[in-house]
Amino acid sequence: MPVFYGTEIASPLMLGTAQYPSPAVLAEAFRRSGAGVVTVSLRREAAGGGGEGFWELIRALGRPVLPNTAGCHSVREAVTTAHMAREVFGTDWIKLEVIGHSDTLQPDPFGLVEAARILSDDGFRVFPYTTEDGILGGRLLEAGCEVLMPWGAPIGTGLGLNNVYGLRTLRAQFPDVPMVIDAGLGRPSQAAQAMEMGFDAVLLNTAVAKAGDPAAMAEGFARALEAGRLARAADPMEPRDMAAPSTPVLGLAVLE
Amino acid sequence: MKITVNGTPTDIAATDLAAALEELGYGEARVATAVNETFVPAAARGHQALAAGDRLEILAPKQGG
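The rules behind the values
- Residues numbered from 1 in each chain as written.
- Chains lettered and ligands numbered in written order.
- Predicted model: local features only at pLDDT ≥ 70, side-chain atom pairs only at ≥ 80, totals over all residues.
- Heavy atoms only, no water.
- UniProt positions renumbered as here; feature names shortened; annotations may be inferred.
- Helix = DSSP H or I, 4+ residues; strand = E, 2+ residues; numbered from the N terminus.
- Rg over C-alpha atoms; globule rule 2.2 N^0.38 Å.
- Buried < 20%, exposed > 50% of the residue type's maximum accessible area, 1.4 Å probe, protein only.
- Contact = heavy atoms within 4.5 Å.
- Areas by Shrake-Rupley, 256 points an atom, 1.4 Å probe, with all protein chains shown as cover.
- pLDDT = per-residue confidence, 0-100.
- Pairing = 2+ DSSP bridges.
- Expected span 1.5 Å × (residues − 1).

Within an unreviewed UniProt entry, the label attached to chain B reads Sulfur carrier protein ThiS, and the organism entered is Psychromarinibacter sediminicola.

Per an unreviewed UniProt entry, chain A goes by the name Thiazole synthase and belongs to Psychromarinibacter sediminicola. Quoted verbatim from the Function (unreviewed entry) heading of the UniProt record, the comment on chain A is "Catalyzes the rearrangement of 1-deoxy-D-xylulose 5-phosphate (DXP) to produce the thiazole phosphate moiety of thiamine. Sulfur is provided by the thiocarboxylate moiety of the carrier protein ThiS. In vitro, sulfur can be provided by H(2)S."

Below, the structure written as structure tokens:
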């Protein structure tokens, strides 16, 4: 199973907590999928608001918590949010998002590296939401990150692995770095593909929460991830252009 | 004095952050705070003076992806 900053997680499924029809459905999705990591955020709280109830729900899941800096567009916002998250959630893990464009939610690579360096130097274990760009990946590793989380496609699109070549190249460029496909997945088959390509985990939210039956979809993703992981370890055959008979030709009857 | 709490202009009597949280009804709530875009750790709230016009952010655990 994936190891992030020395911690082995129980499943390659990292699951978000937003957009579910109800807290009960959220909990059921985690139960049926056995997701290994819970992602959460920080937002404004009114006095007497429901933050405590949500916190209790998360604690009851009993899994490592990965807070994010979702919605942050500047280094300062992201760094401040990370500090606030560390205090509230009691973890130095942070899913670092520094968003460069509101429509694409594409990471700002320059701000991302700067924020990653600041936070790593301050003792955070940074999980950067990045692209498939290998140069950027290298800079993030130099900045102190020990995990990379390239997008499959823009957040919330469900388009799957948009740039298979780029992702395969990134995987090959840093073979020993734990990598998570973060964002853009819509269906379990895409998660299986990511695992077959050698990625260590996927991080999902919308694909599960917005499914007609979120708990069933979460389990579907978990099974696909297991299938992909087994396939990767089993050393898949190489594709070829021409047909090759699987049934032996030797011993074929002559019936003409 | 008037400060901004989570984007809303708010009158408070308290002059430090710890007292302001109490006055605003947060009590023992699990929240993190920032004043004028700078994180203020829980342990430092009693020493964090507030002045008119300050911008206070009070954040809590929420759903996220």
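Let us keep going from here.
A. Representation of the overall build of chain A within the structure. For chain A, the count of helices and strands is nine helices and 10 strands. A compact globule built from 256 residues would reach a C-alpha radius of gyration of about 18 Å, and chain A, at 20 Å, matches this within 12%. Each of the three principal axes of chain A carries a C-alpha extent, and together these read 85 × 40 × 35 Å. Counting over 256 residues, chain A shows a buried share of 51%. For chain A, the proportion of contacts with a sequence separation of at least 24, taken over those separated by at least 6, is 65%. Counting every atom, chain A has about 12000 Å² of accessible surface; 53% of that belongs to carbon and sulfur.

B. Representation of unusual backbone geometry in the model. All names here are of chain A. One non-glycine residue, Tyr 5, lies in positive phi territory at about 50°. Within the secondary structure, Tyr 5 is located in the loop between β1 (3-4) and β2 (7-8). Residue class for Tyr 5 comes out buried when judged on its relative accessible area of 12%. With a phi angle near 75°, Gln 19 is a residue other than glycine that sits in the positive phi range. Relative to the helices and strands, Gln 19 resides in the loop between β3 (13-16) and α1 (23-33). The class of Gln 19 is partly exposed, set by a relative accessible area of 42%.

C. Quick look at the confidence of the model for chain B. Overall, the prediction assigns chain B a mean pLDDT of 95, with 100% of residues at 70 or greater. For this predicted complex, the interface score ipTM comes out at 0.95, while the overall pTM is 0.94.

D. Inspection of the sheet that holds strand β7 (residues 125-130) of chain A at higher detail. Judged by pairing direction, the sheet is parallel, and its three strands sit side by side in the order β6-β7-β8 (chain A) without closing on themselves. Looking at which strands have only one partner, the edges of the open sheet turn out to be β6 (93-96) and β8 (149-150) of chain A.

E. Examining helix α3 (residues 75-89) of chain A more closely. Relative to the 21 Å expected for 15 residues at 1.5 Å per residue, α3 of chain A spans 21 Å between its end C-alpha atoms, a close match to the ideal helical length. Taken together, the buried positions of α3 of chain A are Val 75, Ala 78, Val 79, Thr 80, Thr 81, Ala 82, His 83, Met 84, Ala 85, Val 88 and Phe 89 of chain A.

F. Layout of the environment of Phe 4 of chain A. By the element assignment, Phe 4 of chain A lies in strand β1. Once residues within four sequence positions are removed from consideration, Phe 4 of chain A is found in contact with Ile 9, Met 14, Trp 93, Phe 127, Val 147, Pro 178, Val 180 and Ala 201 of chain A.

G. Quick peek at the UniProt feature "binding site: 1-deoxy-D-xylulose 5-phosphate" (unreviewed entry) in chain A. In this numbering, the UniProt entry assigns the feature "binding site: 1-deoxy-D-xylulose 5-phosphate" (unreviewed entry) to Gly 156, Ala 183, Gly 184, Asn 205 and Thr 206 of chain A. Across 51 residues in sequence, these annotated residues keep their C-alpha atoms within 9.3 Å of one another, forming a single compact spot. Residue position: Ala 183 of chain A is located in the loop between β9 (180-182) and α7 (188-196). The contacts of Ala 183 of chain A, once residues within four sequence positions are left out, are Tyr 129, Trp 151, Gly 152, Ala 153, Ile 155 and Leu 203 of chain A. Following the sequence through the fold, Asn 205 of chain A ends up in the loop between β10 (201-204) and α8 (206-209). Discounting chain neighbours no more than four positions away, the residues touching Asn 205 of chain A are Gly 16, Thr 17, Ala 18, Gln 19 and Tyr 20 of chain A together with Gly 64 and Gly 65 of chain B.

H. Region of the structure containing the pairing of strand β1 (residues 2-5) of chain B. All names here are of chain B. In β1, alternate side chains face the same way, and those of Ile 3 and Val 5 are buried while those of Lys 2 and Thr 4 on the opposite face are not. As paired strands, β1 and strand β2 (residues 8-11) are joined by four bridges and run antiparallel to one another. By the bridge assignment for β2, Lys 2 is matched with Asp 11. Turn length for the β1-β2 hairpin, with the two strands adjacent in sequence and antiparallel, is two residues, and the turn residue Asn 6 shows positive phi of about 50°.

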